[in-house]
Structure formats: structure tokens, C-alpha cells
Amino acid sequence: MPRLFTGLEIPPDIGQTLSNLRGGLPGARWIDPENYHVTLRFIGDIDGAAASEIASTLERINRKPFEVALQGLSSFGGKKPRAVVASVVPSRPLMELQAELERLMQRFGFDPEGRKVIPHVTLARLRDANALLESQLALLSEKMYGSPARGAAAQRDKLQRSE
């Protein structure tokens, strides 16, 4: 059974910029740049027929392109961080698209997403993150985001398979 989610692709130039931040964090397993995305709705393990039906429904979503802006680095996991992420500005068009996808998944019988949606691009998974992580992320963030949020047009969302 495939494990699926919906996500926005990251334009190659932004992916390249993000990939330049790789390295220097002990215990980090960096995500390959071609796998960078903004997850909009995790779906989970479903059978092929249901995946095809969901994909067909998603293809009918018609939205104008909108800008997705990145605004710094942070971590997920609280006192025991498990991921390094590039934060995404929760713009109105992005959050409206996410809400539409949420409604569609509920019509398919999926439970509502229990966590608050925090748009982001996962850059690395962490093992044994140390106490210096936040200061290291602040330095990396300053290196990349010396200026205000950097944006790029979101061209399309797609159903993706998670490994």
C-alpha cells in the first residue's frame, strides 16, 4: 500500500538555495533536494484504487498560482527536535488550498487532521539533536535569510508517495 500525502513542489532554484544549507548538524539525515515540498495534507497508507480516486479528484482542483514565501529555519519536536525545517509564510491562498484539501479528504472518509497546520519544508530528520541546535539554526537562517522572506510562485500541487 502506498503512503500518500498532498504537497506543493518547491521550484528548483529555491531547492538549490535550501540544499546549500546541508551539513554541519551532527545527527542530521538531510533530505534530497528533489524531495523538498510543502506538505498540505498527510493521507497515509491507502490501497491503489483509493489512491487513484483521490488523484482524480485532486486533478480537478483549479487555483491560480500564488507565491510561497520562506521565512527562516526552525525545528519540530520541542525539547527533543526531530526535524529541521524551512518555515513557510502561511499566506491566505496557501491556507485556503490546504483547507480545501482537508475538506476533500474528509469527504473520502479520512479523519480530520488533528494537528495545527504549520507550513514548512523539511530539510533534515534528526537523531540525538543537541542543545546548540537552535543557535545553529539561527546562524544558518541568517546566512540564508539576511533579508525578509524569500518567495517563489507555487505552480502546482500533487499527490506524492512517502518512503
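The shown structure was predicted, so the numbers you read here are calculated from the model rather than taken from an experiment. (Residues numbered from 1 in each chain as written. Predicted model: local features only at pLDDT ≥ 70, side-chain atom pairs only at ≥ 80, totals over all residues. Heavy atoms only, no water.)

## What about the overall build of the chain?
Each helix and strand counted, the chain has 4 helices and 8 strands in total. Scored against the burial criterion, the 163 residues of the chain give a buried share of 42%. Long-range pairs, those at least 24 residues apart, make up 83% of the contacts in the chain between residues at least 6 apart in sequence. As displayed, the chain has an accessible area near 9600 Å², and 49% of this comes from carbon and sulfur atoms. (Helix = DSSP H or I, 4+ residues; strand = E, 2+ residues; numbered from the N terminus. Buried < 20%, exposed > 50% of the residue type's maximum accessible area, 1.4 Å probe, protein only. Contact = heavy atoms within 4.5 Å. Areas by Shrake-Rupley, 256 points an atom, 1.4 Å probe, with all protein chains shown as cover.)

## Focus: the packing of helix H2 (residues 48–59) against helix H3 (residues 92–107)
As a packed pair, H2 and H3 sit with axes 11 Å apart at the nearest point and diverge in direction by 145 degrees. Read as a crossing pair, H2 and H3 show a hand that is right-handed. Residues Ile 54, Thr 57 and Leu 58 of H2 pack against Leu 101, Leu 104 and Met 105 of H3. (Axes fitted to C-alpha atoms, helices over the stretch in contact; angles between N-to-C directions. Left-handed = near helix turned anticlockwise from the far one by under 90°.)

## Points about the nonpolar core
Leu 8, Leu 18, Val 38, Val 121 and Leu 123 are the most contacted members of the largest nonpolar core, which has 35 residues in total. When residues in this core are grouped by element, the largest group, 5 residues, is from H3. Beyond its immediate stretch of four places on either side in the chain, Val 38 contacts Thr 6, Gly 7, Leu 8, Ile 10, Val 68, Val 88, Pro 119, His 120 and Val 121. (Core = buried A, V, L, I, M, F, W, Y, C linked by side-chain atoms within 4.5 Å.)

## Thoughts on the pattern of salt bridges
Scanning the model with the defined rule gives 6 salt bridges in all. In this structure, the salt-bridge partner of Arg 3 is Asp 45, at a minimum N-O distance of 3.5 Å. Taken as a pair, Arg 3 in strand E1 (residues 3–9) and Asp 45 in strand E3 (residues 37–45) lie far apart in primary sequence, 42 residues in all. Arg 63 is the partner of Glu 96 in a salt bridge, and the nearest nitrogen-oxygen pair spans 4.0 Å. With Glu 96 in helix H3 and Arg 63 in the loop between H2 and strand E4 (66–76), this residue pair connects regions lying 33 residues apart in the sequence. A relative accessible area of 33% means that Glu 96 is categorised as partly exposed. Relative accessible area serves as the criterion here: at 34%, Arg 63 is assigned to the partly exposed category. One salt-bridge network, in which partners are shared between bridges, spans Arg 63, Arg 92, Glu 96 and Glu 100. (Salt bridge = Lys/Arg side-chain N within 4 Å of Asp/Glu carboxyl O.)

## Considering the pairing of E4
Where burial is concerned, most of E4 is hidden: 8 out of the 11 residues are buried. Pairing of E4 with strand E5 (residues 83–88) involves 5 bridges; the strand directions are antiparallel. In the sheet register, Phe 76 faces E5, and the bridge partner there is Ala 83. Linking two consecutive strands that pair antiparallel, namely E4 and E5, is a turn of 6 residues; a positive phi of about 125 degrees is found at Gly 77 within it. (Pairing = 2+ DSSP bridges.)

## Some thoughts on H2
Helix length check: H2, at 12 residues, gives a terminal C-alpha distance of 16 Å against a target of 16 Å (1.5 Å per residue), a fit within 8%. Looking at H2, one finds that the buried residues are Ala 51, Ile 54, Thr 57 and Leu 58. Projected down its long axis, H2 carries its buried residues within an arc of 125 degrees, all on one side. With respect to the buried face of H2, the exposed residues turned more than 90 degrees away are Ala 49 and Glu 59. A side-chain oxygen of the first residue of H2 lies 3.1 Å from the backbone nitrogen of Ala 49; this N-cap is Asp 47. (Expected span 1.5 Å × (residues − 1). Arc of directions from axis to C-beta. Polar contact = N/O pair within 3.5 Å; in protein donor to acceptor, adjacent residues only side chain to side chain.)

So far we have only geometry, and geometry alone does not tell us how the molecule works.
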